[in-house]
Amino acid sequence: RVGKSMEEIIVWQALTKDERNQLIAERIFNWQSIPCPAGGNTLTSLKGRSLTPPLLSWSDTSQQWQCGSCGAGGETPEEIEHVAVNPYPNYQGDLNAAWTIVECGKFLEVKVEYAEGWKNQTERWNTCTCTINPYERSSVEATDETPEDAICKAALLAIGLNVV
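The structure presented is a predicted model; accordingly, all values stated were derived computationally and were not measured. (Residues numbered from 1 in each chain as written. Predicted model: local features only at pLDDT ≥ 70, side-chain atom pairs only at ≥ 80, totals over all residues. Heavy atoms only, no water.)

> What should I look at first to understand the packing of aromatic side chains in this one?
The description of an aromatic ring pair uses the distance of the two centres, along with the angle that the planes make with each other. A complete count under the given rule lists 3 aromatic pairs for this structure. Relative to Y91, the ring of F29 lies with its centre 5.4 Å away and its plane at 10°, an arrangement referred to as stacked. Of this pair, F29 sits in helix α1 (residues 17–29) while Y91 sits in the loop between β4 (73–74) and α3 (95–102), and the two are 62 residues apart along the sequence. For F29, a relative accessible area of 31% corresponds to the partly exposed category. Residue class for Y91 comes out buried when judged on its relative accessible area of 5%. Aromatic side chains W31 and Y88 sit 4.9 Å apart centroid to centroid with 85° between the ring planes, which places their arrangement in the edge-to-face category. In this pair, W31 sits in the loop between α1 and α2 (43–46) while Y88 sits in the loop between β4 and α3, placing the two residues 57 residues apart along the sequence. (Phe/Tyr/Trp six-rings, centres within 6.5 Å; stacked < 30°, edge-to-face > 60°. Helix = DSSP H or I, 4+ residues; strand = E, 2+ residues; numbered from the N terminus. Buried < 20%, exposed > 50% of the residue type's maximum accessible area, 1.4 Å probe, protein only.)

> Before we go on, may I ask you to explain a nonpolar patch on the surface in this structure?
Taken together, I9, V11 and V164 make up a surface patch of nonpolar side chains, about 260 Å² in accessible area. Looking at where V11 falls in the secondary structure, it is placed in the loop between β1 (9–10) and α1. V11 gets classed as partly exposed once you look at its relative accessible area, which sits at 41%. (Patch = residues over 30% accessible without salt bridge, like charges linked within 9 Å, V, L, I, M, F, W, Y side chains within 5 Å. Areas by Shrake-Rupley, 256 points an atom, 1.4 Å probe, with all protein chains shown as cover. Salt bridge = Lys/Arg side-chain N within 4 Å of Asp/Glu carboxyl O.)

> Help me out: how do you make sense of the pattern of salt bridges in this one?
Charged atoms that come close allow side chains of opposite charge to pair. Evaluated as defined, the whole model comprises 4 salt bridges. For E116, the salt bridge identified is with R124, shortest N-O distance 3.1 Å.

> I'm lost on the confidence of the model for the chain in this one. Help?
Low-confidence regions, as indicated by low pLDDT, have predicted coordinates that should not be scrutinised in detail. When pLDDT is averaged across the chain, the result is 85; 87% of the residues are at 70 or more. Here residues 42–53 is a poorly scored stretch, pLDDT under 50, and it has 12 contacts once near neighbours within four places are set aside; other chains count. (pLDDT = per-residue confidence, 0-100. Contact = heavy atoms within 4.5 Å.)

> Explain the sheet that holds strand β5 (residues 107–118) here, please?
Either a parallel or an antiparallel arrangement is found when strands of a sheet pair, and the pairing is made through backbone hydrogen bonds. Pairing in this open sheet of 3 strands is antiparallel, and the strands run β5-β6-β7 from one edge to the other. Every other strand in the sheet has two partners, leaving β5 and β7 (140–144) as the edge strands with one partner each. Between one strand axis and the next, the sheet turns through 15° on average, direction left out of account. As defined by bridge partners, strand β6 (residues 124–134) adjoins β7 across 5 bridges and the pair is classed as antiparallel. Its bridge partner being in β7, T129 is matched across the sheet by T143. Here helix α4 (residues 147–158) sits on the sheet in contact with β5, β6 and β7, set at roughly 150° to β7. (Pairing = 2+ DSSP bridges. Axes fitted to C-alpha atoms, helices over the stretch in contact; angles between N-to-C directions.)

> Whenever I open this one, the nonpolar core confuses me. Can you help?
Across soluble globular proteins, you tend to see nonpolar side chains buried next to one another. Residues I24, I28, I101, F107, I132 and L156 are the most contacted members of the largest nonpolar core, which totals 29 residues. Secondary-structure elements contributing two or more residues to this core are α1, α3, β6, β7 and α4. Ignoring any residue separated from it by four or fewer positions in sequence, one finds I28 in contact with L23, I101, C104, K106, F107, A155, L156 and I159. (Core = buried A, V, L, I, M, F, W, Y, C linked by side-chain atoms within 4.5 Å.)

As structure tokens, then:
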């Protein structure tokens with residue numbers, strides 16, 4: 001897992017979108033995955049069990065088997081790759097989700113500044129800086145092209161992770 005050690009250097013741009021979101025969910029909100037209850041089940045193992053809604057069923061619309069719990073699908077029940085039933089928000093790609101970090105109550109003060117301009121006659125530039133004053137540490141600052149990324153990176157810095 002990414003970011004388990006406080007000394008580990010985390011290169012934000014090297015992480016996938018899902019890795020970034022999971023890191024925020026786990027480290028800022030103490031999120032824990034709840035596995036799909038149908039994971040590992042097959043039609044044979046489910047036979048005779050009365051489940052509402054049914055865990056696995058055929059979807060005429062998508063022409064595949066669907067899990068009633070997590071929504072994952074596959075050509076056969078065994079090919080379904082079940083996902084967590086409590087997916088983490090898209091902190092890194094959705095400003096509303098990122099703003100929940102600002103409002104989570106873990107930080108004394110959060111300031112977000114956005115600036116934009118023109119590199120030349122056709123190219124724009126933009127930058128966002130997020131400064132977080134945690135309760136028990138010095139202020140930290142992160143800058144990125146989007147407010148979402150700046151907020152996420154600053155929050156991780158504020159809890160002591162080494163994010164670059």
